[in-house]
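For reference, the chains in residue letters:
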Amino acid sequence: MKRLDSCVRLAAALCMALGVLTVSASAMHIAEGYLPRPWAFGWMAVCVPFVAAGMRSIQKRVRDYPRAKVLLAMCGAFAFVLSALKLPSATGSCSHPTGVGLGAILFGPTATTVLGLIVLLFQALLLAHGGITTLGANVFSMAIVGPFVSWGVYLLLKKLKARPAVAVFCAAALGDLVTYVTTSVQLGMVYGNIGEYLTIFAVTQLPLAVAEGLLTVVVFNVLEKYARDELLELSVL
Amino acid sequence: MKVWQKNTILILLVILLAAAPLWLCREAEFGGADGMAAELVEESVPGFEPWFEPILEPASGEIESLLFALQAAVGSGVVCFILGRITARKPDNKDA
């Protein structure tokens, strides 16, 4: 009964946080039609092998660890939630976390590429947020670079014997931040003045990266206590 | 410290992080960062026109709010359902 009570409290706190933080505003992907055709199609071509590798990775993981299906679904849903949270930043503008750090930590970066692609497709098609023409560039920053950084940071800190919560926080926060540094570079490569895009994107993202790190630790804490077997199976711990 | 206590503190920190800018930057408009980036592109390339328009655009700000809220609701529903299923089991880690 006591455990049920604490679970209810946790669920209520999570729902409250998610409800409070959902604010409407356009956020942080490269908008439709804002990359010239060669760049748009170039980024799409770069993403194709990663998406293919991700599909294979997911098939293999699900075949080898059938119990991990539920966790994979949760990682996708987590990215879905966090990329819908438009949070105000200290720069006086709004942005959103990416939510892909958790998936990268649990399932590796290529599997997370597929999850990120699904989220970005949904937003591009239904919300006019990001775009179909800029899907390649947005997938590259949010679903390739971000997850690879998160995964790399987590493995490094795990090797350095850091506490799992610290490793997860750093991995998720840095993955989020690097996503928007990449977006700035992508725009800067086309239009110049990378510094200005970094000010718009990366500086705005700093407090949000911290928020994403904290929310990822919240979920990881629960998994570490109640799904330790699955985490050991996936070589996360 | 129990997991739910740790998590409550972390969630409160997130809420604080989200609320602080509203209090610190009262004059700000809190527009989307991609809107600012689009403006910067238009400034740096005089006469710039996007070469493609969104296929479906929400009819109004309210509809956009609805869709984003729906996205958050569906996602948080799945996350909370799965976490609920997981926490209904015996803890794998008694110390946490």
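Since we're looking at a predicted model, the values are computed, not measured. (Residues numbered from 1 in each chain as written. Chains lettered and ligands numbered in written order. Predicted model: local features only at pLDDT ≥ 70, side-chain atom pairs only at ≥ 80, totals over all residues. Heavy atoms only, no water.)

(A) Region of the structure containing the overall build of chain A. Helix and strand content of chain A: nine helices and two strands. Going residue by residue from the N terminus, the α and β elements of chain A occur as α-α-α-β-β-α-α-α-α-α-α. Looking at chain A as a whole, 61% of its 237 residues are labelled buried. Pairs at least 24 residues apart make up 76% of the contacts formed inside chain A by residues separated by at least 6 positions. For chain A, the exposed surface amounts to about 8,400 Å²; the carbon and sulfur share of it is 71%. (Helix = DSSP H or I, 4+ residues; strand = E, 2+ residues; numbered from the N terminus. Buried < 20%, exposed > 50% of the residue type's maximum accessible area, 1.4 Å probe, protein only. Contact = heavy atoms within 4.5 Å. Areas by Shrake-Rupley, 256 points an atom, 1.4 Å probe, with all protein chains shown as cover.)

(B) Structural context of the UniProt feature "transmembrane region" (unreviewed entry) in chain A. Residues and elements named next belong to chain A. UniProt records the feature "transmembrane region" (unreviewed entry) at residues 41-58, 70-88, 100-128, 135-154, 166-185 and 197-223, using the numbering of this structure. In residues 70-88, the share of helix is 68% and the share of strand is 11%. The end C-alpha atoms are 32 Å apart. What you have in residues 135-154 is 100% helix and 0% strand, and the ends, taken at the C-alpha atoms, are 27 Å apart. (UniProt positions renumbered as here; feature names shortened; annotations may be inferred.)

(C) Region of interest: the packing of aromatic side chains. A complete count under the given rule lists eight aromatic pairs over all chains for this structure. Consider the rings of Tyr191 of chain A and Phe48 of chain B, whose centres lie 6.0 Å apart with planes at 90 degrees: the pair is edge-to-face. Placement of the pair is Tyr191 of chain A in helix H7 (residues 164-191) and Phe48 of chain B in the loop between helix H2 (33-44) and helix H3 (61-87), with the two residues belonging to separate chains. Since its relative accessible area comes to 16%, Phe48 of chain B is described here as buried. (Phe/Tyr/Trp six-rings, centres within 6.5 Å; stacked < 30°, edge-to-face > 60°.)

(D) Fine view of unusual backbone geometry. Residues and elements named next belong to chain A. At Lys161, a position not held by glycine, the phi torsion is positive, near 65 degrees. By the secondary structure assignment, Lys161 is in the loop between helix H6 (135-159) and H7. Not every positive phi belongs to a glycine, and Ser235 is a case in point at roughly 60 degrees. Among the secondary structure elements, Ser235 is positioned in the segment after helix H9 (228-233).

(E) Local environment of the environment of Phe201 of chain A. Residue and element names in this part refer to chain A. Tracing the backbone shows Phe201 in helix H8 (residues 194-226). In this structure Phe201 comes out as buried when scored by relative accessible area, which is 0%. Remark: the alpha-carbon pair of Phe201 and Thr91, spanning 110 residues in sequence, is separated by 9.9 Å.

(F) Region of interest: the packing of H6 of chain A against H7 of chain A. Residue and element names in this part refer to chain A. Orientation of H6 relative to H7, taken along the N-to-C sense of each, is 150 degrees, at an axis distance of 7 Å. Between H6 and H7, the interaxial angle falls into the category roughly antiparallel. The way H6 lies across H7 gives a crossing that is right-handed. Of the residues that constitute the contact of H6 with H7, the class distribution is 17 nonpolar, eight polar and no charged. (Axes fitted to C-alpha atoms, helices over the stretch in contact; angles between N-to-C directions. Parallel < 35°, antiparallel > 145°, perpendicular 65-115°, else oblique. Left-handed = near helix turned anticlockwise from the far one by under 90°. Nonpolar A, V, L, I, M, F, W, Y, C, P; charged D, E, K, R; others polar.)

(G) Geometry of the interface of chain A and chain B. Contacts between the two partners involve 80 residues from chain A and, on the opposite side, 65 residues from chain B. For the pair chain A and chain B, the two sides together bury roughly 6,500 Å², of which 74% comes from carbon and sulfur. The interface formed by chain A and chain B includes zero salt bridges. Per-element accounting of the side of chain A that touches chain B gives the leading share, 18 residues, to H8 of chain A. For the side of chain A that touches chain B, a count of residues per class yields 54 nonpolar, 15 polar and 11 charged. Relative to strand S1 (residues 31-32) of chain B, strand S2 (residues 93-95) of chain A runs parallel, the two being bridged by two bridges. Residue pairing in the sheet places Cys94 of chain A in a bridge with Gly32 of chain B of S1 of chain B. (Buried area = accessible area lost by both parts, 1.4 Å probe. Salt bridge = Lys/Arg side-chain N within 4 Å of Asp/Glu carboxyl O. Pairing = 2+ DSSP bridges.)

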